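# Examination of the molecular architecture
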Amino acid sequence: MALPACAAPALGPPLQPEQGAPARTTCPRRHSRVEAELAASRPGSVAASVRASPPRGVSHGFNCRPLQDEPLKASSSLAGAVRAPLFALLPRGRRRRMHDLRRRWDLGSLCRALLTRGLAALGHSLKHVLGAIFSKIFGPLASVGNMDEKSNKLLLALVMLFLFAVIVLQYVCPGTECQLLRLQAFSSPVPDPYRSEDESSARFVPRYNFSRGDLLRKVDFDIKGDDLIVFLHIQKTGGTTFGRHLVRNIQLEQPCECRVGQKKCTCHRPGKRETWLFSRFSTGWSCGLHADWTELTSCVPAVVDGKRDARLRPTRNFHYITILRDPVSRYLSEWRHVQRGATWKASLHVCDGRPPTSEELPSCYTGDDWSGCPLKEFMDCPYNLANNRQVRMLSDLTLVGCYNLSVMPEKQRNKVLLESAKSNLKHMAFFGLTEFQRKTQYLFEKTFNMNFISPFTQYNTTRASSVEINEEIQKRIEGLNFLDMELYSYAKDLFLQRYQFMRQKEHQEARRKRQEQRKFLKGRFLQTHFQSHSQGQSQNPSQNLSQNPNLNAIQNLTQNLMHNLIQNLTQSSSQNLSQKETRDSQRQKPGQGRNESSHASNGTHDYIGSVEKWR
């Protein structure tokens, strides 16, 4: 495009190629970009200053200079020349497009600047609002006025700490469970840990009539003596957990020594190298794997005192304990255990000095184990020892001819076994139920006067509970274990009656102690009141009479009441001492008895001595 004549003087002389720059060709448009880059790279040139300057419309300070509607800087081979006349020489369409591009760039920069400044203003306003709120809440800050920088930092730290605590609380305890627990803790008293463990009703209606001797089970167990606790462990009743509690969770003067990697623990008596516990985790299976009542009663004395001479054997008390479980749950748990390969082949089943023969006790499987057997096959075996296992292991098998089923009819045999199991269970020192872990712990502690370190845990989800069976299969399992069902009903009734009896006795004892403490405090108050009045009367008798003419009559009445009270207490104490003297007259001298009776009649001093002695 040829330039008009008027534009030639404005442009000045033509540009000469610089030294070291590439030579100009006949086509200026092709090399205009290269020349512009070379001009911009030279320091001090106009193009370099244009390139280093900020975009148009956005200066170093916001709103410090208004936006100007000027044409864009040209970056061509004519860099450094006057740009306004050159921009005016462009076609109108191209000038419009360049103007729109400039306005777009300025509008984007303006939006970014407005957004940054708006966010800063919003944060500043929020800070002032929070400062005003906290100044209203905390009071002393309201009189300060504008908060200084340190107060702002402290306020921000408190807000961040509160938000962090809320986030942590929601992470640890989501939902409203924690809030409900806190409300229950403040609104209701501490619940009874022994109440409704099996989700049944708290009120228990007994079905059997037991005597006071059957309900009151308190064993005078002396761990330093010769008594022995024998644990009868029935399969799949939670006996493993209870056995671990016995060796690891009891507060003892000399705790059991349990080494890492070993199942058995050493439970010696204090000062002796002799065990006080006969169980799986203390002595091992000394009488056979899961020995029953018949085996233990004949085996334990021989194992404990077998090496001693019969004349040197101490007179021991063997306190038998055991754990029972719901028959259906126990049966399903044993089936699942057999499915995993359990056989209990090491069980001896010794009765009358001999184990049963293969004809008396056939096996239900032919291989090494019965792993993977279905439930129907497990129930179909007529020789399965899982049927009525709890009655068989708690009864005296010698009464029915051991495992010989031809000794008596089946109906008579079942009746004898059930009555024997009930009698042995009732006369045991202690038995617990798997479904009542906390009550089991409570009764054991009250029976043996031994406390556990940590409370028992009630597990309602077990392998047996994961087995889904219909009503027909459950009825069949109950039919196969009808003796165990009858025994468990009897044991549950006796267990809960013992628990209620012990709790009532504990409450009565606590009530009696509170009444004795009230009587003691009342007596001390009357004694102190009487002594203070007598001292005040002896110091200022004339002043007291002048101030209150009826004071003498009131003091006489108080003295008479105190005299009668002390006389009654003295007479009761003298009667008690005289009864004690008559019982111990053979061991005491007559002069000593008279001396004690004379001392007992010494009024107030005797009363104080008797109260201090009771305290």
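Each residue is numbered by its place in its chain's sequence as written, counting from 1. Under the rules for a predicted model, residues below a pLDDT of 70 receive no local features and side-chain atom pairs below 80 are neither given nor counted, while totals for whole chains, interfaces and linings still include all residues. For side-chain calculations, the full set of non-hydrogen atoms in the structure is used, while hydrogens and water are omitted.

In this text, helices come from DSSP runs of H or I with a minimum length of four residues, and strands from runs of E with a minimum of two, each type numbered from the N-terminal end. The helix and strand tally for the chain stands at 21 helices and six strands. Buried residues in the chain amount to 31% of all 615 residues. Sequence separation of 24 or more characterises 70% of the internal contacts of the chain that already satisfy a separation of 6 or more. Residue exposure ignores everything except the shown protein chains as possible cover, and the areas themselves are Shrake-Rupley values with a 1.4 Å probe. When the accessible surface of the chain is summed, it comes to about 40,700 Å², and 55% of that surface belongs to carbon and sulfur atoms. Whether a residue is buried, partly exposed or exposed follows from its accessible area with a 1.4 Å probe, protein chains only, as a fraction of its type maximum: under 20%, in between, or over 50%, in that order. Whether two residues are in contact is decided by their heavy atoms, any of which lying within 4.5 Å being enough.

One speaks of a salt bridge when a side-chain nitrogen belonging to Lys or Arg is within 4 Å of a carboxyl oxygen belonging to Asp or Glu. Under the defined criterion, the tally for this structure stands at 15 salt bridges. Between E274 and R269 there is a salt bridge, with the nearest N and O atoms lying 3.2 Å from each other. For E516, the salt bridge identified is with R512, shortest N-O distance 2.7 Å. Residue E516 and its partner R512 are both found in helix α17 (residues 482–539); the two are separated by four residues, about one turn of the helix.

Here strand β6 (residues 430–433) shows a buried face lined by F430 and G432 and a second buried face lined by F431 and L433. One requirement defines pairing of two strands: DSSP has to find at least two bridges between them. Both strand β5 (residues 318–324) and β6 contribute to a ladder of four bridges, which runs parallel. By the bridge assignment, T322 is partnered in β6 with F431.

We call a pair of cysteine sulfur atoms a disulfide whenever their separation is within 2.5 Å. As enumerated under the stated definition, the model contains five disulfides in all. The disulfide partner of C364 is C381, and the gap between their sulfur atoms is 1.8 Å. Classification of the bridge connecting C364 and C381 rests on its S-S torsion, roughly -80 degrees, and on that basis the disulfide is left-handed. Of this pair, C364 sits in the loop between α11 (327–339) and α12 (375–380) while C381 sits in the loop between α12 and α13 (389–394), and the two are 17 residues apart along the sequence.

Counting buried residues in β5 gives six out of seven residues, a clear majority hidden from the surface. Bridge analysis of strand β1 (residues 228–232) against β5 gives five bridges, and the strand direction is parallel. What sits directly across from V230, in β5, is Y320.

Once that is clear, we can look at the nonpolar core. By nonpolar core is meant a set of buried Ala, Val, Leu, Ile, Met, Phe, Trp, Tyr and Cys residues that side-chain atoms within 4.5 Å join together. Counting 71 residues, the largest nonpolar core has F242, W276, L296, I321, L394, F444 and F448 as the members making the most contacts within it. Considering every element that reaches this core, the biggest residue donor is α17, with 11 residues. Residues W335, C373, F378 and A464 belong to the second largest nonpolar core, which totals 17 residues.

Within the open sheet, the four strands sit side by side as β4-β1-β5-β6. Their pairing is parallel. Taken across any chain shown, the strands that pair with only one partner, and hence form the sheet edges, are β4 (277–278) and β6.

This part takes up unusual backbone geometry. The phi dihedral of K236 falls on the positive side, at around 60 degrees, and the residue is not glycine. Looking at the element boundaries, K236 is found in the loop between β1 and α9 (239–248). For C402, which is not a glycine, the phi torsion comes out positive at approximately 60 degrees. Along the chain, the position of C402 falls in the loop between α13 and α14 (410–427).

Residues L156, M160, F162, L163 and V166 make up a contiguous nonpolar surface patch of roughly 500 Å² in combined accessible area. Checked against the element boundaries, L156 lands in helix α6 (residues 149–172). In this scheme, patches are assembled from residues that exceed 30% relative accessible area and form no salt bridge. Like charges are connected within 9 Å, while nonpolar side chains (Val, Leu, Ile, Met, Phe, Trp, Tyr) are connected within 5 Å.

All right, on to the packing of aromatic side chains then. Note on aromatic contacts: the rings of Phe and Tyr and the six-membered ring of Trp form a pair at centre separations within 6.5 Å, being stacked when their planes are under 30 degrees apart, edge-to-face when over 60 apart, and tilted otherwise. As enumerated under the stated definition, the model contains 20 aromatic pairs in all. An angle of 65 degrees between the planes, with centres 5.5 Å apart, marks the rings of F210 and Y490 as edge-to-face. With F210 in the loop between α7 (177–187) and α8 (212–215) and Y490 in helix α17, this pair connects stretches of sequence that are 280 residues apart. You'll find F210 and Y490 in the same group, each marked buried. Measuring from centroid to centroid gives 4.8 Å for F444 and F448, while their planes differ by 40 degrees, and the two rings are tilted. Within this pair, F444 and its partner F448 are both found in helix α15 (residues 437–448), separated by four residues, close to a single helical turn. Pair check on accessibility: F444 and F448 agree, each one buried. Through a chain of ring-to-ring contacts, three or more aromatic side chains come together here, namely F221, F231, F242, W276, F430, F444, F448, F452 and F456. Here the basic side chain of K439 rests over the ring of Y499, its NZ or CZ set 5.3 Å away from the ring centre. Lying over the aromatic face of Y442, R503 brings its terminal NZ or CZ to 5.4 Å of the ring centre. Any Lys NZ or Arg CZ found within 6 Å of a ring centre and within 35 degrees of that ring's normal is scored as a charge over the ring.

With that out of the way, let us pick up the environment of L155. Here L155 is to be found in helix α6. As for L155 and K127, which are separated by 28 residues in sequence, their C-alpha atoms are 9.0 Å apart.

Below, the discussion takes up the environment of C364. With a relative accessible area of 21%, C364 lands in the partly exposed category. Between the C-alpha atoms of C364 and F378, which are 14 residues apart in sequence, the distance is 8.4 Å.

It is worth spelling out the confidence of the model for the chain at this point. Interpretation of the predicted coordinates at a detailed level should be avoided for regions scoring low in pLDDT. With 61% of its residues at a pLDDT of 70 or more, the chain shows a mean pLDDT of 75. pLDDT measures how confident the predictor is about each residue, on a scale from 0 to 100. By mean pLDDT, helix α20 (residues 590–600) is the weakest element of the chain at 42, and α13 is the strongest at 98. Scored below 50 in pLDDT, residues 45–83 shows 50 contacts in the model against residues more than four places distant or in partner chains. In the model, residues 586–615 has pLDDT below 50 throughout and makes 28 contacts with residues more than four positions away in sequence or in other chains.

The next thing to look at is α15. With 12 residues, α15 extends 17 Å between its outermost C-alpha atoms, agreeing within 8% with the 16 Å of an ideal straight helix rising 1.5 Å per residue. Counting buried positions along α15 yields 10 of 12 residues, so the element is predominantly enclosed. Residue N449 follows α15 closely and has a positive phi angle near 55 degrees. Take the residue count of a helix, subtract one, and multiply by 1.5 Å to get its expected span.

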